[in-house]
Amino acid sequence: MVILYLLGSFLLILSLFFSRSKYFVYGLLGVFLVLQCVFTMYAFQHGGNTEATYFTYDPLGLILLVTLTIVAIPAAIHSYIYIESHQESPRSRSIYLTALILLITSIGAAYLSNHIAVTWIFTEVTTLSASALIYHHRNKLALEGTWKYVFICAISITFIFIGILFLSLSLQHAGSDNLSYANLLQKSNELNPVWLQMAFLFIFTGFTAKLGLVPMFTAGIDAKDTAPAPAGALFSTVLMNLGFIGIFRFYLVIANTPLLHWAKLVVGTAAFLSLFVATVYMLKVKNIKRMFAYSGIEHMGLVMLGVVAGGIGYYAAILHVVLHAFVKSSLFFQYNQLYRVFQSKSIQHIGNYFKYNPTGAIVLLLGFFSSAAMPPSGLFVSEFLIFRSIFATGQIALLVAVLLLLTMIIWAFGKNIFQVLFVPTEHFEEREIPSTSGWESLTQYILLALAVYVGFNPPAALVEMIQHSVSLFPH
Amino acid sequence: MIHVLLIIFLITLFYMSIANRLMTYIKVLSLQGVLLFFVVFLQLSEIDPINLSLILLETIIFKSLAVPLFLSYLLKRNHITREAEPFLPNFVSLVITTSIVVINLLIVTMIKDDHLDKIFFVVALSTLFFGLYLIATRRKIITHVMGYMVIENGVFVLSLAIGNEMPVLVNLGIMLDIFASVLILGIFMNKIGDVFKDIDVDQLSNLKDY
């Protein structure tokens, strides 16, 4: 089935790339969404199976695949709205949709791959498709964003490759050359520790470009800023989850070796520095899209702190990436409506949004509450569990520092959001505001409600799958 | 013989660190491709001939002909001035390059592993970090591209060290080479040169937080 899925997407991509007729293109997009849903359901029902040697429907991959499908549907809808409201040329419309489908397919395949080299290949493909999406506007800023993204991602992909080379050296000591995660886990006791350390450093650094942690986070911020918002929603949620799964699967291997303590130190430092960097930028950022992007960095820092803390933190981290995907994507989807009213990204030029579009303003307000993890947001549950796990490790100083940084982030986020919603701005002259249908905010409400529901009342299947995927960690 | 070639490869890095003109960089890149060609020929004696010839073709055609020719075409087409414009004086550059090599030598000698050829690791890691250094200290965007090509050569040397046991990884490395180079050079070729006339990194600072 996975071969069928890849082949089907490939055919759709090809025909999309060459077709210019409006109805045909959107028809193909619809066909892809159906394919994506069917594949997700099939994968869900065949959990645990391995197909085509390199793809396994394992619990963690399945959880993120379902998240991907849930976010992909509104992303397609909003892409449609976006393209139609911008009078795109047929060619740029085709390229956009082609890149969108390629991105979603390659992310899905990377989630399910059970071999580190296959994950790496699909990560490369996401860079390619993402750069096409970032370059959509074809102006100077888009070019700058694309160039930075491509360059940083090329370096980080090279780093991952170097890590894989070191890993294979480490594996040679165990007398094996099979780089699948299962084999690595099985042989984790025989791996050569020095090469393994080098491998972990390089692979971790490489995947931080996708995950959005220090040191490689910068490219992602520019990408989310310059890409059209529906694509930005994918970058800041499911593409970040790709970085998460890449690091998580390898971390699982290293957690079963004596190097666990060292790896915790590395990941923990990077995670804490990310929180710090996110705080600094959140305090001074004036571009609302970049503010959402920095908020994503903060959340991924928290997630990795949860992973490092261990115990209940593993569970909380996976729950957090799922819920964060719902919340952050809804904020990005809402952004285009905001832009249509004010024609600006700068918070100084945006204000009193409640007056112009109450439905959308409520989305922003709820999105802020959710993202700041205030109850009843679902993220409250996962963040609370992360803090509990840090507390359980006895790192009180770290916990206090993290909470202080979070307080500053919430203050900065809240200040900016309330300015956008309630404070009239001087720079805005009243003109014919294009009316926005309330229906365009429907998907955002659904996503936000889903985040609340999953956070407080997680389905038994989800809990079981998360527990299964963290069961291999040493206790 | 392999060691001699690898050490010549290392010397090219020193030359590159004090070179002044962009054309010199391109020629050094081309020379590195030729050196890699011979290293592959001598090193990968155990893998099957078809695969070997593929790898040889990649080094000689892609690394030492196509990319340098393309880069010099870009230089001419975009009327890029011929100086590399480093941020640091050449003497400092040379000292830093030397310390990169020495530090890597120390790190690699610390690793206790008998059946590995350590020269490969010294050369590969030095090339990698030298490439990063080159990217960080040159002003023109096209020198960033060249720095990236240097990094790729370093990765290629690294993959050769284990190429006999795992030829798949060498092939993956080649895939990375071609994929990333085409992507980066493609963007450069099509757009950067046209839009940003005097291609400096200083011009790439419009994406801001405020």
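What counts and how
Residues numbered from 1 in each chain as written. Chains lettered and ligands numbered in written order. Predicted model: local features only at pLDDT ≥ 70, side-chain atom pairs only at ≥ 80, totals over all residues. Helix = DSSP H or I, 4+ residues; strand = E, 2+ residues; numbered from the N terminus. Rg over C-alpha atoms; globule rule 2.2 N^0.38 Å. Buried ≥ 20, exposed ≤ 12 C-beta atoms within 10 Å, placed from the backbone. Contact = placed C-beta atoms within 7 Å. Nonpolar A, V, L, I, M, F, W, Y, C, P; charged D, E, K, R; others polar. Core = buried A, V, L, I, M, F, W, Y, C linked by C-beta atoms within 7 Å. Expected span 1.5 Å × (residues − 1). Axes fitted to C-alpha atoms, helices over the stretch in contact; angles between N-to-C directions. Parallel < 35°, antiparallel > 145°, perpendicular 65-115°, else oblique. Left-handed = near helix turned anticlockwise from the far one by under 90°. pLDDT = per-residue confidence, 0-100.

What chain A contains, in helices and strands, is 20 helices and two strands. Taking 2.2 N^0.38 as the reference for a compact globule, 475 residues should give roughly 23 Å; the C-alpha atoms of chain A span a radius of gyration of 21 Å, in line with that estimate. Principal-axis analysis of the C-alpha atoms gives chain A an extent of 70 × 55 × 45 Å. Evaluated residue by residue, chain A yields a buried proportion of 58% over its 475 residues. Contacts in chain A between residues at least 24 apart in sequence constitute 78% of all its contacts with a sequence separation of at least 6.

This part takes up the overall build of chain B. Of the regular secondary structure elements, chain B holds seven helices and zero strands. The N-to-C order of helical and strand elements in chain B reads α-α-α-α-α-α-α. Taken against the 2.2 N^0.38 rule, which gives 17 Å for 210 residues, the C-alpha radius of gyration of chain B at 18 Å falls within 12% of a compact globule. Here the C-alpha coordinates of chain B stretch approximately 50 × 35 × 35 Å along the principal axes. Across the 210 residues of chain B, 40% fall into the buried class. Partitioning the contacts of chain B with sequence separation of at least 6, the portion at a separation of at least 24 is 72%.

Taken together, the contacts link 35 residues of chain A with 28 residues of chain B. Elements with a minimum of two residues in the side of chain A that touches chain B: helix H5 (116–134), helix H6 (140–172), helix H9 (218–226) and helix H12 (260–284) of chain A. A breakdown of the residues in the side of chain A that touches chain B according to their chemical character gives 18 nonpolar, seven polar and 10 charged.

All names here are of chain A. Tyr251, Met304 and Ile318 are the most contacted members of the largest nonpolar core, which totals 235 residues. Examining the composition of this core, we find that 21 residues originate from one element, H6, more than from any other. For tyrosine 251, the residues in contact, after removing those within four places along its chain, are Ala263, Val267 and Val307.

Here we take up unusual backbone geometry. Residue and element names in this part refer to chain A. The omega angle of the peptide bond from valine 214 to proline 215 is 10°, so this bond is cis rather than trans. Within the element layout of this structure, proline 215 appears in the loop between helix H8 (193–211) and H9. With an omega dihedral of 10°, the bond running from proline 375 to proline 376 counts as a cis peptide bond. With respect to the helices, strands and loops of the structure, proline 376 is situated in the loop between helix H16 (358–371) and helix H17 (378–392). The phi angle at alanine 52 is positive, at roughly 50°, despite the residue not being glycine. Within the secondary structure, alanine 52 is located in the loop between strand S1 (50–51) and strand S2 (55–56). The class for alanine 52 is partly exposed, based on 13 C-beta atoms found within 10 Å. A positive phi angle is found at glutamine 87, which is not glycine, with a value near 50°. In this fold, glutamine 87 is placed in the loop between helix H3 (59–86) and helix H4 (90–112).

Bringing helix H11 (residues 238–255) of chain A into the picture now. In this model H11(A) runs 25 Å from its N-terminal to its C-terminal C-alpha over 18 residues, within 8% of the 26 Å that 1.5 Å per residue would give. The buried fraction of H11(A) is high, at 18 of 18 residues.

A few words on the packing of H8(A) against H12(A). All names here are of chain A. Here H8 crosses H12 at 20°, and the two axes come no closer than 11 Å. In terms of their interaxial angle, H8 and H12 are classed as roughly parallel. The handedness of the crossing between H8 and H12 comes out as right-handed. Across the interface between the two elements, Gln197, Phe200, Leu201, Phe204 and Thr208 of H8 pack against Trp262, Ala263, Val266, Val267 and Ala270 of H12. Residues of the contact of H8 with H12, tallied by class, amount to eight nonpolar, two polar and no charged.

Residue and element names in this part refer to chain A. The geometry of H11 relative to helix H13 (residues 288–309) is characterised by a closest axis approach of 12 Å and an angle of 15° between their N-to-C directions. In terms of axis orientation, H11 runs roughly parallel to H13. Remark: the crossing between H11 and H13 carries right-handed chirality. For the pair formed by H11 and H13, the contact residues are Met240, Phe244, Phe248 and Tyr251 on the first element and Gly296, Met300, Val303 and Val307 on the second. In terms of residue class, the contact of H11 with H13 is built from seven nonpolar, one polar and no charged.

Residue and element names in this part refer to chain B. Residue placement: alanine 19 occurs in the loop between helix H1 (2–18) and helix H2 (22–43). Residue alanine 19 is classed as partly exposed on the basis of its C-beta count, with 18 C-beta atoms lying within 10 Å. Spatially, the C-alpha atoms of alanine 19 and asparagine 90 are 8.1 Å apart, while their sequence positions differ by 71 residues.

This paragraph deals with the confidence of the model for chain B. All names here are of chain B. With 91% of its residues at a pLDDT of 70 or more, chain B shows a mean pLDDT of 85. Averaged pLDDT values for the elements of chain B fall to 78 in helix H7 (residues 167–195) and rise to 93 in H1. Interface confidence for the predicted complex, given as ipTM, is 0.92, next to a pTM of 0.94.

Before going further, it helps to examine the environment of A:Ser106. All names here are of chain A. Mapped onto the elements of the fold, serine 106 is located in helix H4. Distance in space between the C-alpha atoms of serine 106 and leucine 379 is 27 Å, their sequence separation being 273 residues. Residues contacting serine 106, with those up to four places away along its chain left out, are Phe122, Val125, Thr126 and Ser129.

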